[in-house]
Structure formats: structure tokens, C-alpha cells
Amino acid sequence: GQERKRKKSGPAKLTFEEIGGQDNAKQELREALDFLIRHEDIKKFGIRPLKGILLTGPPGTGKTLMAKAAAHYTNSVFVAASGSEFVEMYVGVGAGRIRDLFKDARNRAAKENKQNAIIFIDEIDVIGGKREGGQQREYDQTLNQLLTEMDGIYSQDTPRILVIAATNRKEMLDSALLRPGRFDRLIQVDLPDKKGRAHILRLHADNKPLAPDVDLDKIAEETYGFSGAQLESVMNEAAIYTMREEASMITQRHLSMSIDKVMMGERSDRESNT
Ligand code: ATP
């Protein structure tokens, strides 16, 4: 667990400028983050501090990027984990890992002398999913531990901890998670529209040699329904095609081949899933 967790943690240098499209989501997130930044005002007005933000939306749309940018924006330490890391056969192990995650955030904030910490939990539905057959979720120790940790966030003054969770399946979440004082701020991270796709393509083309014939707006038009992750693949695959041909620049043709490849890949993924 620790090993995997570390990989996603570490310094969060990513900024909101490096996230393409998602104008609404970025704006909403920045507004929510002002709760951390303006903590003195929050106190003055007696506003309940924000503890949890839930990012919802399809895979590969940039939820992880958002959480990292949030850490950068608020000068927070960034600690990340995935819901699947907490699933254990033995009772209590998952709960212990939740405890460690919060301890880790506090320790790192102290060590790096930071006032804020952001804990990112991807795939929150794995630990916070609804129970089948009416079984009470309150008895699940892992979820319970998370709620306990969140309830206790402001028992100490610093670090101010904000938990950002992500899911592709919001409707699966147990309502206990969504109550006030928990994940009560919901931000939808949708598939990018045409303008967003063009923006994402430009960001990922930044370090690549493009031929003058390349029209990224046209590529954006042809990639309806693609996620940010798929658009990143389109640019990457096009660069690979170009290199293999020993050409010096990525052309529109390379990009077209690459769109086909990414689309085909999606289809075979779906077929192997069924
Ligand atoms: P998942 O739900 O599968 O965890 P996610 O929504 O967290 O996905 P990310 O992990 O943030 O998605 O994105 C994966 C990769 O796709 C990023 O590292 C980046 O290269 C690219 N990407 C996704 N969305 C964007 C975006 N809006 N702008 C730029 N790049 C993006």
C-alpha cells in the first residue's frame, strides 16, 4: 500500500493552467479552495469549514490533475491513495490504512512546514459504495474510519486538511458520505467540449514538433466524445508514428492514423470487458 501511495504523492507542482478545458470545474474548485486560503474569514463569519470535495465524471477527464492543481494552488502537501488500496480481506486493515493516510498528511505538513494538506482518494466508490440488501454501511470499518477522520479534521488547528475524492459512479455512493461536513461540495468534471478538446490537444502538443499543415481545431472536431486521457494518447501515438517513419514533424495524416488507433483501442477494451 505504502509503495503505491507514495508514487502518486510527492510534490504537486501542477497548476490549473496545465489542465485543458474544464473551465466551470476549475472555477468551482478554485472557489471551494478559497475556504482553505481564507480560513481567517471563514472563522470570523462562523462558516463551517469545508472538509470534503467530490469530483465526479468519466475516467480520464482530469480529476487527478485537478486534485494536484488544488494542492499547488493552496500550497498544501499532497497525499494520494486509491479506494482499491483499502480493500482487505482482514477486518480492520483498511481502517488502519485510512488512519495512516491522515497521519501521513499531518506528518508531512509538519515536516515541510505547511499549513494545509490535501488528501486525494481516487475511486472512493470502492470503499464508500452502497451496500446490497439493505446492510447498514455504518458497520463498515473502513468507511467509518474515513468519516471519523473527517469529523476530527479541525480538532487540531493545523494542518487544515481537505479531502478530495473522485468517482466515476456517484450514484453508487452511500449517502453517509454526502452529508454536510463530509463530501458536501460536488464538482462535475465532464468530457471536454470541442473548445476544451482543442485546448487539451494544444497542451499536449507543446513539446512536440508539429508540421505547418496540422490543424488542431479540426482534430478537436474529429474527436467528439474523447476524454483528456484519450487526447493525450492521440498526440503521443501520432508522435510515435512520426518517429517510426523517420519523419521530422507530426503531420495531419499522422494524427488521423492516431485517432483511428485510439478509437480502435477503446472498442477492443470494451469488447474484452463483456
Ligand atoms: P480516472 O478517473 O481514470 O482516475 P482522471 O479523471 O483522474 O481519471 P487523470 O488521471 O487526471 O484523469 O488524467 C489522465 C491523464 O490524461 C493526465 O495525466 C493527462 O495526461 C490527460 N488529461 C486528462 N484530462 C486532461 C485535461 N483536462 N487537460 C490535460 N490533460 C488531461
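Throughout, residues of each chain are indexed from 1 in the direction in which the sequence is written. Confidence filtering applies because this is a predicted model: local features only for residues at pLDDT of at least 70, side-chain atom pairs given and counted only at 80 or more, and all residues used for totals across whole chains, interfaces and linings. Where side-chain values are given, they derive from all heavy atoms of the structure, hydrogens and water being excluded.

## A few points about the sheet that holds strand β4 (residues 160–167)
The criterion, for reference: Here, any two strands with at least 2 DSSP bridges between them count as paired. A helix here means a DSSP run of H or I that spans at least four residues, while a strand means a run of E at least two residues long, and both kinds are numbered starting from the N terminus. For helices, the fitted axis covers only the stretch in contact; all axes are lines through C-alpha atoms, and the angles between them, taken along N-to-C directions, range from 0 to 180 degrees.
Pairing within the open sheet is parallel, and its five strands lie in the order β2-β3-β4-β1-β5. The two strands at the open ends of the sheet, each matched to only one other strand, are β2 (76–82) and β5 (183–188). The mean inter-strand angle of the sheet, taken between neighbouring strand axes irrespective of direction, is 20°. Here strand β1 (residues 52–56) runs beside β4; their pairing, made up of five bridges, is parallel.

## Looking at the packing of aromatic side chains
In this description, an aromatic ring pair is defined by two values, namely the gap between the centres and the angle between the planes. Selection rule: Working definition: a ring pair exists when centres of Phe, Tyr or Trp rings (six-membered ring for Trp) sit within 6.5 Å. Plane angles under 30 degrees give stacked, over 60 give edge-to-face, the rest tilted. Here's how the labels work: a residue is buried when its accessible area is under 20% of the maximum for its type, exposed when over 50%, partly exposed in between, all with a 1.4 Å probe on protein chains only.
As enumerated under the stated definition, the model contains two aromatic pairs in all. Note on Phe-16 and Tyr-73: the rings are 5.7 Å apart at their centroids and 75° apart in plane angle, and the pair reads as edge-to-face. Linking Phe-16 in the loop between α1 (2–8) and α2 (23–37) with Tyr-73 in helix α4 (residues 63–73), this pair joins segments that are 57 residues apart in sequence. The class for Tyr-73 is partly exposed, based on a relative accessible area of 34%. Ring centres 6.3 Å apart and planes at 20° place the aromatic pair Phe-78 and Phe-120 in the stacked group. Pair noted here: Phe-78 is in strand β2 and Phe-120 is in strand β3 (residues 116–122), with a separation of 42 residues, a long-range link.

## A look at the site of the ligand
Selection criterion: Here a residue is near a molecule or strand as soon as one of its heavy atoms is found within 4 Å of it. Whenever a nitrogen or oxygen atom comes within 3.5 Å of another N or O atom, the pair is scored as a polar contact, on the condition that within protein one atom can donate a hydrogen and the other can accept it, and that pairs from neighbouring residues in sequence are kept only if both atoms are in side chains. Throughout this entry, Asp, Glu, Lys and Arg are counted as charged residues, while Ala, Val, Leu, Ile, Met, Phe, Trp, Tyr, Cys and Pro are counted as nonpolar. The remaining residues, Gly among them, count as polar.
Around the ligand there are 17 residues in total, and Gly-20, Gly-60, Lys-63, Thr-64 and His-204 lie nearest to it. A distance of 3.2 Å is found between an oxygen atom of the ligand and a backbone nitrogen or oxygen belonging to Leu-65. Contacts to the ligand include Ala-229, whose backbone N or O atom sits 3.4 Å from an oxygen atom. Mapped by element, the contributors of at least two residues to the shell around the ligand are α4, α8 (194–205) and α10 (228–244). Across the shell around the ligand, the residue classes break down as five nonpolar, eight polar and four charged.

## Structural notes on the nonpolar core
Put simply, the rule is: The set of buried Ala, Val, Leu, Ile, Met, Phe, Trp, Tyr and Cys residues whose side-chain atoms join them within 4.5 Å is what this entry labels a nonpolar core. Working rule for contacts: check all heavy atoms of both residues, and any pair within 4.5 Å makes them a contact.
Ranked by internal contacts, the top residues of the largest apolar core, which has 27 residues, are Phe-102, Ile-124, Leu-146, Val-163, Leu-177 and Phe-183. Elements with a minimum of two residues in this core: β2, α5 (93–111), β3, α7 (141–151) and β4. Looking at this core element by element, the count peaks at five residues for α5. Discounting chain neighbours no more than four positions away, the residues touching Ile-124 are Leu-54, Leu-146, Ala-165, Ala-166, Thr-167, Leu-173 and Leu-177. Formed by 25 residues, the second largest nonpolar core is a distinct cluster that contains Leu-14, Leu-55, Ala-67 and Ile-164.

## Examining unusual backbone geometry
Phi is positive for Asn-75, close to 50°, though the residue is something other than glycine. Relative to the assigned elements, Asn-75 resides in the loop between α4 and β2. Despite not being glycine, Asn-113 has its phi angle at roughly 60°, a positive value. Take Asn-113: it is sitting in the loop between α5 and β3.

## Considering the pattern of salt bridges
Between side chains of opposite charge, a pair can form as their charged atoms come close. To keep it simple, the criterion reads: Salt bridge criterion: a side-chain nitrogen from Lys or Arg within 4 Å of a carboxyl oxygen from Asp or Glu.
Here the structure, examined in full by the defined rule, presents eleven salt bridges. Here Glu-221 ties to Lys-194 by a salt bridge, and the two come within 3.2 Å at their closest N and O atoms. Of this pair, Glu-221 sits in helix α9 (residues 216–222) while Lys-194 sits in helix α8, and the two are 27 residues apart along the sequence. Looking at Glu-221, the relative accessible area reads 52%, which means it is exposed. Exposure remark for Lys-194: the relative accessible area of 40% places this residue in the partly exposed category.

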